[in-house]
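# A closer look at the structure
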Amino acid sequence: MKALLFIAAAMLTATFTYAQQDAIKPAAPGVTYGKTVTKDKAITLASLNKELSKDTVYNGKITGEVVEVCKKKGCFMKLKQANGEDVMVRFTDYAFFMPQNLVGKKVVVEGKAKVTETTVERLRHYAKDAGKSKEEISKINKPKKDVTIMADGVLVTE
């Protein structure tokens, strides 16, 4: 009986997970996710970095190219920067998700960008989880600062 209930619960979970991904509108120019966003007054990631060098928080619109989308259900995406460091974008209250075909497209995200710092301990933990060698892990001796964005809405522009 317990096994039957477990199987039924697993099937329902799988159905809802796949239904959510199927319900996500495919990316195309003009499509928005979450709050309606327009292109006006959007700044580039390079300009965002300059803004964040003056203040640790920026509220507004940022434009960039998507290089990764969460494969599980589209719960995050990453934007490409010229320096090779990607910017993580998450979505306020997980209110919406991104389609997989968003990779390679240009977007405008609106929300709150900030500088976060990851501790040495946490970086070593991530390195260990990623299968790095003890030698590589021991070389991690400085915290890392990253830019993250909590988006209320996303507009596909190209």
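Let me sum up the structure you'll find in this document. (Residues numbered from 1 in each chain as written. Predicted model: local features only at pLDDT ≥ 70, side-chain atom pairs only at ≥ 80, totals over all residues. Heavy atoms only, no water.)

## Here we look at the environment of lysine 78
Its location among the elements puts lysine 78 in strand β4 (residues 76–79). C-alpha of lysine 78 to C-alpha of threonine 148: the two residues are 70 residues apart in sequence and 9.3 Å apart in space. Not counting chain neighbours up to four residues away, the residues in contact with lysine 78 comprise Glu65, Val66, Val67, Glu68, Asp86, Val87 and Met88. (Helix = DSSP H or I, 4+ residues; strand = E, 2+ residues; numbered from the N terminus. Contact = heavy atoms within 4.5 Å.)

## Examining the packing of aromatic side chains
Remark: the centre distance and the inter-plane angle together describe each pair of aromatic rings, the angle taken between the planes. Enumeration over the complete set of coordinates arrives at one aromatic pair. Each ring, one from phenylalanine 91 and one from phenylalanine 96, has its centre 4.8 Å from the other, and the planes form 45°; the classification is tilted. Across the pair, exposure class does not vary: phenylalanine 91 and phenylalanine 96 are buried alike. (Phe/Tyr/Trp six-rings, centres within 6.5 Å; stacked < 30°, edge-to-face > 60°. Buried < 20%, exposed > 50% of the residue type's maximum accessible area, 1.4 Å probe, protein only.)

## Some points on the layout of surface pockets
Space inside the largest pocket adds up to approximately 180 Å³. What lines the largest pocket is simply Thr118, Leu123, Tyr126, Lys144 and Asp146. Looking at the lining of the largest pocket, the elements that each hand over two or more residues are α3 (120–129) and β7 (144–156). (1 Å grid on protein atoms, 1.4 Å probe; cavity = no way out; pocket = protein on both sides within 12 Å on 5 of 7 lines; lining within 4 Å. Points joined across faces, edges and corners; volume = space filled by probe spheres on them.)

## Notes on the environment of glutamate 65
On the secondary structure map, glutamate 65 appears in strand β3 (residues 57–69). Sequence spacing of glutamate 65 and glutamine 81 is 16 residues, and the spatial spacing of their C-alpha atoms is 8.4 Å. In this structure glutamate 65 touches Lys78, Leu79, Lys80, Gly104, Lys105 and Lys106, once residues within four positions along its chain are discounted.

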